[in-house]
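Observations on the three-dimensional arrangement
Letter by letter, the chains look like this.
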Amino acid sequence: MQIAIVGLGRMGGNIARRLIARDHEVVAFARNPSAARAIKGAVPATSLQDVVNRLRVPRTIWLMLPAGAPTEDAITVLEPLLAKGDVLVDGGNTFFKDDIRRAERLRKSDIAYVDVGTSGGIWGLERGYCLMIGGERSVVERLDPIFAALSPGEGTIPRTPNREKRDMRVEKGYLHAGPVGAGHFVKMIHNGIEYGLMQAYAEGFDVLRGRSVATLPEDERFDLDLADIAEVWRRGSVVSSWLLDLTAIALAESPGLDGFEGAVDDSGEGRWTIHAAIDEAVAVPVLSAALYARFRSRIAHSFGEKILSAMRSRFGGHIETGAPGLRGTK
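Right, let's walk through the structure included here. Keep in mind it's a predicted model, so treat the numbers as computed, not measured. Here the residue numbering is sequential within each chain, running from 1 through the sequence in written order. In keeping with the model being predicted, local features are shown solely for residues with a pLDDT of at least 70 and side-chain atom pairs are shown and tallied solely at 80 or more, while totals for entire chains, interfaces and linings include all residues. Only hydrogens and water are set aside; all other atoms, that is, all heavy atoms of the structure, feed into the side-chain values.

1. Side note on the environment of Trp272
- A helix here means a DSSP run of H or I that spans at least four residues, while a strand means a run of E at least two residues long, and both kinds are numbered starting from the N terminus. Within the secondary structure, Trp272 is located in helix α12 (residues 269-280).
- The class for Trp272 is buried, based on a relative accessible area of 19%.
- When the C-alpha atoms of Trp272 and Arg137 are compared, they prove to be 26 Å apart, with 135 residues separating the residues in sequence.
- Residues count as neighbours in contact if any of their non-hydrogen atoms are within 4.5 Å of one another. Trp272 has contacts with Ala67, Asn93, Thr94, Phe95 and Met188, leaving out every residue within four places of it along the chain. For every residue, the accessible area obtained with a 1.4 Å probe (protein chains only) is divided by the maximum for its type, and the residue is called buried under 20%, exposed over 50%, and partly exposed between those limits.

2. As for the pairing of strand β7 (residues 130-134)
- Among the 5 residues in β7, 4 count as buried, and that is most of the element.
- In this structure, β7 lies alongside strand β8 (residues 174-178), joined through 4 bridges in parallel fashion. Across the sheet, the residue bridging to Gly134 is Gly178, located in β8. A pair of strands is labelled paired if DSSP reports no fewer than 2 bridges between them.

3. A closer look at the packing of aromatic side chains
- Any Phe, Tyr or Trp ring, taking Trp's six-membered ring, that has another such ring centre within 6.5 Å forms a pair; planes under 30 degrees apart are called stacked, those over 60 apart edge-to-face, and the others tilted. For the structure shown, the criterion picks out 8 aromatic pairs.
- With a centroid separation of 5.2 Å and 70° between ring planes, the pair formed by Phe95 and Phe96 is classed as edge-to-face. Of the two residues, Phe95 and Phe96, neither departs from the other in class, the shared state being buried.
- Between the aromatic rings of Phe95 and Trp272, the centroid separation amounts to 5.0 Å while the plane-to-plane angle is 40°, which identifies the pairing as tilted. Highlighted residues: Phe95 in the loop between β5 (87-90) and α5 (96-107) and Trp272 in helix α12, separated in sequence by 177 residues. There is no split in this pair, since Phe95 and Trp272 are both buried.
- Taken together, the ring pairs in this structure connect Phe95, Phe96, Phe185 and Trp272 into an aromatic cluster.
- Here, over-ring charges are defined by two tests on the NZ atom of lysine or the CZ atom of arginine: distance to the ring centre within 6 Å, and angle to the ring normal within 35 degrees. The ring of Trp242 has Arg127 lying over it, and the distance from NZ or CZ to the ring centre is 4.0 Å.

4. So, the sheet that holds β8
- In spatial order, the strands read β3-β2-β1-β4-β5-β6-β7-β8; together these 8 strands make up an open sheet with mixed pairing. Sheet topology places β3 (43-44) and β8 at the edges, where each strand pairs with a single neighbour.
- The sheet contact formed by strand β4 (residues 60-63) and β5 spans 4 bridges and is parallel. In the strand pairing of β5, Leu63 is matched with Asp90.

5. Some points on the packing of helix α9 (residues 182-209) against α12
- Two numbers describe how α9 lies on α12: the axes approach to 8 Å, and their chain directions differ by 105°. Relative to α12, the element α9 is oriented roughly perpendicular. On α12, the residues touching Phe185, Lys187, Met188, Ile189, Asn191, Gly192 and Tyr195 of α9 are Glu269, Gly270, Trp272, Thr273, Ala276 and Glu280.
- Its residues assigned to classes, the contact of α9 with α12 comprises 6 nonpolar, 4 polar and 3 charged. Axes, fitted as lines to C-alpha atoms, cover a helix only where it is in contact. Angles between the N-to-C directions of the axes lie from 0 to 180 degrees. Put simply, angles under 35 degrees are roughly parallel, angles over 145 are roughly antiparallel, angles from 65 to 115 are roughly perpendicular, and the rest are oblique. Charged means Asp, Glu, Lys or Arg here, nonpolar means Ala, Val, Leu, Ile, Met, Phe, Trp, Tyr, Cys or Pro, and polar covers whatever is left, Gly included.

6. What to know about the nonpolar core
- Ile5, Leu19, Val26, Trp62, Val114 and Phe147 are the most contacted members of the largest nonpolar core, which totals 32 residues.
- Remark: nonpolar core denotes a set of buried residues (Ala, Val, Leu, Ile, Met, Phe, Trp, Tyr, Cys) joined through side-chain atoms within 4.5 Å. Membership of the second largest hydrophobic core comes to 22 residues, among which are Phe29, Leu63, Leu106 and Ile111.

7. Notes on helix α10 (residues 226-233)
- Within α10, burial applies to Leu226, Ala227, Ile229 and Ala230. Seen end-on, α10 carries its buried residues on one side only, within an arc spanning 165°. Set apart from the buried face of α10 by more than 90 degrees, the exposed residues are Asp228 and Val232.
- Looking at the packing, one finds that the buried side of α10 touches α9 and α11 (242-253).
- Think of a polar contact as two N or O atoms within 3.5 Å of one another; within protein, one of them needs to be a possible hydrogen donor and the other a possible acceptor, and neighboring residues in sequence only count if both atoms come from side chains. The N-cap residue of α10 is Asp225: its side-chain oxygen and the backbone nitrogen of Ala227 are 3.1 Å apart. In this description, one arc is meant: the one made by directions from the helix axis to the C-beta atoms.

In structure tokens, the structure reads:
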């Protein structure tokens, strides 16, 4: 099947390579021409107009661009260049309400829109991508060869009992979640959960690391090997996961995690997940705390912490560790 990939960054480039390796014809475009030329076996395009010109009708264009303005701008340029029956696929981390708005606009020109929440990161070329898809059923089914090629396949994961009458594509790693917007909504919640899982690992390993501090009684101090703990948990533990696999790799390479400062960004989907929970009046204390912890990681000492310190000083005469404080009365 022929498809264009627009955006050849850490994931877009590997999506193109995986499709080519599975005998699909890829037209590749990025703002940096050398990125397109670097995709062996792809047909490099020099502009979005050139992308459209190189595709046979009906055209399929997969956008793998940052959410927001870059994706919006690309769609604005492409819309007048496309024709009835063409399909625009957004595989980035777009806000699901933007998908609904764009699909409605493109529908007036008979251009189909499909949103694909794509999980797999830089490992997707080898492992495949977990895909969460939103769009009209007929359009999604037309693109099935693309989704099948990108997905991990059944692999060695044991089959879940009692799934015999369900969609078999799910066991291969891709899901038609529902109409436009549903794919990115599912991926949004996926990323919110990811925040919580990552925070749980981070806090747990922080407690393990702190067990050797001099303030503890000597017989309660343990000098624990975090790399070995991560490795043993990977093997048969109930907390095993791919995130733990990645943690084990990082700790084996650098037990002290040299080179990391600990300032953790958020991609936006964690925030959108909290907004969705508020809209639905659903309590998500773990996911909320995980997002706030990322905000906290970027501040050496927050104003809120100064307030805490001031209150402790005033009501109990507590002094900040390593710094003079105000003494008050209890």
